[in-house]
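Residue-level structure breakdown
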Amino acid sequence: MKYRFESIPEGENEVIIRCREITPEIRQLLTHLQSSGQKLIGSKDGTQVVIQPRDILYIESVDGKTFVYTAMDVLRVEYTLIQLEERLNGVNFFRCSKSMILNIDKVTALKSLASNRIDATLQGGEHILISRTYASDFRKRLKGGTRHDP
């Protein structure tokens, strides 16, 4: 892929992508561009913390409370999983069970399990199970499909 930069003296920055087809490389670029300004606010021990989506390993709902897991912390957020799915729509997040959203970019290994489930190993070695209900969509997503594909 070739690219070029053009300096403008004034006005708003603009990114134009010209392509014959949306390849995984271009999809990753789009995902990065769409997520660059998004941030979440979480709390830990009474302190509010800014969370960059790229730092999230996964998000889990436990007993009606939502937690964001990063490599260094577990933070509580005041969003439901549905709200977070909408908010992180342009980022590489995937609903992997009724109670969990996974950051696909943090997956380092996959293993197929019985009953059509998938064991996803994340950076840092943590394992997440992708339920059979979501496994087929996950495989499609890895092959370059989006959540909006039929």
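Okay, so let's go over this structure. Remember, it's a predicted structure, so these values are computed and weren't measured experimentally. (Residues numbered from 1 in each chain as written. Predicted model: local features only at pLDDT ≥ 70, side-chain atom pairs only at ≥ 80, totals over all residues. Heavy atoms only, no water.)

All right, on to the environment of Val77 then. Mapped onto the elements of the fold, Val77 is located in strand E5 (residues 74-77). For Val77, a relative accessible area of 2% puts it in the buried group. Through-space distance from the C-alpha of Val77 to that of Lys44 is 9.3 Å; in sequence the pair is 33 residues apart. Filtering out sequence-adjacent residues up to four positions away, Val77 remains in contact with Ile41, Gly42, Ile51, Thr66, Val68 and Leu84. (Helix = DSSP H or I, 4+ residues; strand = E, 2+ residues; numbered from the N terminus. Buried < 20%, exposed > 50% of the residue type's maximum accessible area, 1.4 Å probe, protein only. Contact = heavy atoms within 4.5 Å.)

Before going further, it helps to examine the nonpolar core. For soluble globular proteins, the rule of thumb is that nonpolar side chains tend to be buried together. One finds Tyr58, Cys96, Leu102, Ile128, Ile130 and Phe138 to be the most contacted residues of the largest nonpolar core, which totals 16 residues. Those elements that provide at least two residues to this core are strand E3 (56-62), strand E6 (93-97), strand E7 (100-103), strand E9 (118-122), strand E10 (127-130) and helix H3 (132-142). Setting aside residues up to four positions removed in sequence, Ile128 forms contacts with Tyr58, Cys96, Met100, Leu102, Ile118, Asp119, Ala120 and Leu122. Residues Ile56, Val77, Leu81 and Leu84 belong to the second largest nonpolar core, which totals twelve residues. (Core = buried A, V, L, I, M, F, W, Y, C linked by side-chain atoms within 4.5 Å.)

Next up on the list: the sheet that holds E9. Spatially, three strands are ordered E8-E9-E10 in an open sheet, and the strand pairing comes out antiparallel. Edge strands, defined here as strands with exactly one partner in the open sheet, are strand E8 (107-112) and E10. Adjacent strand axes in the sheet meet at a mean angle of 25°, parallel and antiparallel pairs treated alike. Sheet topology note: the E8/E9 ladder contains five bridges and is antiparallel. Residue pairing in the sheet places Val107 in a bridge with Leu122 of E9. Strand contacts of H3: E8, E9 and E10, with the helix running at about 105° to E10, the strand carrying the most contacts. (Pairing = 2+ DSSP bridges. Axes fitted to C-alpha atoms, helices over the stretch in contact; angles between N-to-C directions.)

A separate point is a nonpolar patch on the surface. Taken together, the side chains of Val15, Ile17 and Leu29 define a hydrophobic patch exposed on the protein surface, amounting to about 230 Å² of accessible area. Accessibility expressed as a relative area gives 34% for Leu29, which makes it partly exposed. (Patch = residues over 30% accessible without salt bridge, like charges linked within 9 Å, V, L, I, M, F, W, Y side chains within 5 Å. Areas by Shrake-Rupley, 256 points an atom, 1.4 Å probe, with all protein chains shown as cover. Salt bridge = Lys/Arg side-chain N within 4 Å of Asp/Glu carboxyl O.)

This part is about the pairing of E3. E3 sits mainly inside the fold: five of its seven residues count as buried. In terms of strand pairing, E3 meets strand E4 (residues 65-70) through six bridges, oriented antiparallel. Each bridged residue has a counterpart across the sheet, and for Val62 the counterpart in E4 is Lys65. The turn joining E3 and E4, which pair antiparallel and follow one another in sequence, is formed by two residues; a positive phi near 50° is taken by Asp63. By the bridge criterion, three bridges tie E3 to E7 in an arrangement that is antiparallel. Residue pairing across strands places Ile59 opposite Ile101, the latter belonging to E7.

Spatial relationships are all this shows, so hold off on functional conclusions.
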